[in-house]
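# Breakdown of the fold
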Amino acid sequence: MTAAVELHDDWLRVRFPRGGHADFHLRWLRHNCDRDLHPATRERVTCSSELPDRLAVARAGVDGDALLVRWAHDGRESRYALGWLEEHAYARDRVAPPPPPSELARIEIDGRGLSLEERVRRALAQLDAHGAAVVRRDPGETRPAEQETEGLVDAFAAGGLRVIGTHFGRIEDLRTDNTTNANTDQLGYTDAPVDLHTDQPFLEAPPRLQLLQAIRPAAAGGESYLADARAAAEHLRSLDEAAWTLLTTTKVRFHRKQRAFEKILEAPLLEGEGASFRARWSYFTLSPYRLPFAQMESWYRAHDRFARLVREPRSQYRFALRAGDFVLYDNHRMLHARTGFSGARWVRGVYFDR
Ligand SMILES: [Fe+2]
């Protein structure tokens, strides 16, 4: 077995030649560089506070019995004997949940030759495992997609779901010329980008599932993306337990105010684990934070760390919906978004509970 290095954002993993591995933060490694020892006394002559806030590695590899790291900010090459790393390892054989997945094939269902009922059955069957299903329409289908909506809703009802009417109505038409909804004063009815969010975080019990059915794609743009907030929370917890604790215990205020609707709710952004996990994530319905002064900095750090994790395209399922395609997702677990667009994009939305 030969030694190997795996580089991650702000840490790296060393696989030792005798088996096993250990994880080290880049900051810890640079802080412990043996070029910062006094040549005569071998005492450390630097403090970690003198290092840049964020460290990056230009190159890392194994050279004989040592780990070599070339640092991006000053080009220094640090050398760490593998034996020394084994002796001082503080995360030996650490096992950590991976970042949120992005391979669309995990959640995409090819609808060729499948009836509407069968497509719905398959979507429901994978919901618990992946939190979402992107379902393609049979390309042979010639009916206008808007004529399929009621059949789709009926098929989900037959699969055990209950339609949840909201202040948007029973079936919501997301289009820029919507005139049927009393509350069109929201981003969803514009052609602007809408970044990752969950729907209706200001309700005590936000709808569990949302169906989005594409009726007419945009002329340009309007792509959809999803991020698994549950996977992100588990991943963040393994990297930064303090951030996870803040996100799961600090109550923030959601305030939705529209022409004919208003609701205020205070709740943490993340709650629960496993099947009872629930994210409330909505930058456009958050009230200004009112936290104790001494907590504001650490709160922003925690929030932004989670946000950067899910906003990484490599942590997102990204796809374009064609007319008749639909996506079903768990609105407690998955964050959803769309890019800005031009043209007469028309998507229908329906909420369900189990
Ligand atoms: Fe939404």
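Since this is a predicted model, take the numbers as computed values, not measurements.

The rules behind each value
Residues numbered from 1 in each chain as written. Predicted model: local features only at pLDDT ≥ 70, side-chain atom pairs only at ≥ 80, totals over all residues. Helix = DSSP H or I, 4+ residues; strand = E, 2+ residues; numbered from the N terminus. Buried ≥ 20, exposed ≤ 12 C-beta atoms within 10 Å, placed from the backbone. Contact = placed C-beta atoms within 7 Å. Pairing = 2+ DSSP bridges. Axes fitted to C-alpha atoms, helices over the stretch in contact; angles between N-to-C directions. Parallel < 35°, antiparallel > 145°, perpendicular 65-115°, else oblique. Left-handed = near helix turned anticlockwise from the far one by under 90°. Nonpolar A, V, L, I, M, F, W, Y, C, P; charged D, E, K, R; others polar. Core = buried A, V, L, I, M, F, W, Y, C linked by C-beta atoms within 7 Å. Domains from an automatic or database assignment. Arc of directions from axis to C-beta.

### A short note on the overall build of the protein
A tally of helices and strands in the protein yields eight helices and 23 strands. Taken along its principal axes, the extent of the C-alpha atoms in the protein is 80 × 50 × 35 Å. Sorting the 354 residues of the protein into buried and exposed places 31% on the buried side. For the protein, contacts bridging at least 24 residues in sequence account for 72% of all contacts bridging at least 6.

### Considerations on the sheet that holds strand β21 (residues 334-338)
Judged by pairing direction, the sheet is antiparallel, and its four strands sit side by side in the order β11-β21-β14-β19 without closing on themselves. Looking at strand neighbours, the two that pair on one side only are β11 (194-197) and β19 (317-319), the edges of this open sheet. Strand after strand, the sheet turns through a mean of 10° between neighbouring axes, direction not considered. Pairing between β11 and β21: two bridges, direction antiparallel. Across the sheet, Val-194 pairs through a bridge with Arg-338, a residue of β21. The strands touched by helix α6 (residues 229-239) within the sheet are β14 (224-228) and β21, with β14 carrying the most contacts at an inclination of about 40°.

### Quick look at the packing of helix α3 (residues 116-125) against helix α5 (residues 149-158)
Where α3 contacts α5, the axes come no closer than 9 Å and their chain directions differ by 50°. On the basis of their axis angle, the class for α3 and α5 is oblique. As for the relative orientation of α3 and α5, their crossing is right-handed in sense. Packed against α3, whose contacting residues are Leu-116, Glu-117 and Val-120, the element α5 presents Gly-151, Leu-152, Ala-155 and Phe-156 at the interface. Residues belonging to the contact of α3 with α5 are distributed by class as follows: five nonpolar, one polar and one charged.

### Remarks on the nonpolar core
Within the largest apolar cluster, 56 residues are counted, with the highest numbers of intra-cluster contacts made by Ala-132, Ala-133, Ala-229, Ala-232, Val-327, Leu-328 and Leu-335. With residues near it in sequence (within four places) discarded, Ala-133 still touches Ile-107, Ile-109, Ala-123, Gln-126, Leu-127, Val-327 and Leu-328.

### Side note on the sheet that holds strand β1 (residues 4-7)
Spatially, the three strands line up as an open sheet ordered β1-β2-β3, and their pairing is antiparallel. Edge positions in the sheet fall to β1 and β3 (21-25), since each of these pairs with one other strand and no more. Geometrically, the sheet is characterised by an average inter-axis angle of 20° between neighbouring strands, direction not taken into account. Here β1 pairs with strand β2 (residues 11-15) via four bridges, running antiparallel.

### Quick word on the domain arrangement of the protein
How big an interface is tends to be stated in terms of the accessible area lost upon association of its parts. According to the domain assignment, the protein consists of domain 1 (4-88) and domain 2 (104-353). Relative placement of domain 1 and domain 2: their C-alpha centres are 41 Å apart.

### A look at α5
Counting along an α-helix, one turn takes 3.6 residues, and residues three or four places apart therefore face a common direction. When α5 is considered as a whole, its buried residues turn out to be Leu-152, Val-153, Ala-155 and Phe-156. Buried residues of α5, seen end-on, are gathered within an arc of 160° and therefore sit on one face of the element. Those residues of α5 that are exposed and angled more than 90 degrees off the buried face are Glu-150 and Ala-158. Contacts made by the buried residues of α5 are with α3, β9 (162-164), β12 (209-216), β20 (326-330) and β23 (346-353).

### Side note on unusual backbone geometry
A positive phi angle, near 65°, is found at Arg-42, a position not held by glycine. Examined against the element boundaries, Arg-42 turns out to sit in the loop between α1 (26-31) and β4 (57-63). Despite not being glycine, Asp-93 has its phi angle at roughly 50°, a positive value. As for its position among the elements, Asp-93 is in the loop between α2 (82-88) and β7 (108-109). When the 11 C-beta atoms within 10 Å are taken as the criterion, Asp-93 is described as exposed.

### Considerations on the pairing of strand β6 (residues 77-81)
Bridge analysis of strand β5 (residues 66-71) against β6 gives five bridges, and the strand direction is antiparallel. The partner of Leu-68 across the bridge, within β6, is Arg-79. Counting the residues between successive antiparallel strands, the hairpin from β5 to β6 contains five residues, one of them, Gly-75, with a positive phi of roughly 75°.

### Things to note about α3
What α3 keeps buried is the set Arg-119, Val-120 and Ala-123. In an axial view of α3, the angular spread of the buried residues amounts to 100°, which keeps them on one side of the axis. Of the surrounding secondary structure, the elements contacted by the buried residues of α3 are β7, α4 (127-130), β8 (132-135), α5 and β20.

### Re the pairing of β3
Bridge count between β2 and β3: five bridges; the pairing is antiparallel. When the bridges of β3 are listed, Trp-11 appears paired with His-25. The antiparallel pairing of β2 with β3 creates a hairpin that spans five residues between the two strands, and Gly-19 there sits at a positive phi of about 105°.

### Observations concerning the packing of helix α7 (residues 241-249) against helix α8 (residues 293-311)
It is at 9 Å that the axes of α7 and α8 come closest, and there the two elements cross at 100°. In terms of orientation, α7 lies roughly perpendicular with respect to α8. Along the contact surface, α7 presents Ala-243, Leu-246 and Leu-247, while α8 presents Ser-298, Trp-299, Arg-301, Ala-302, His-303, Arg-305 and Phe-306.

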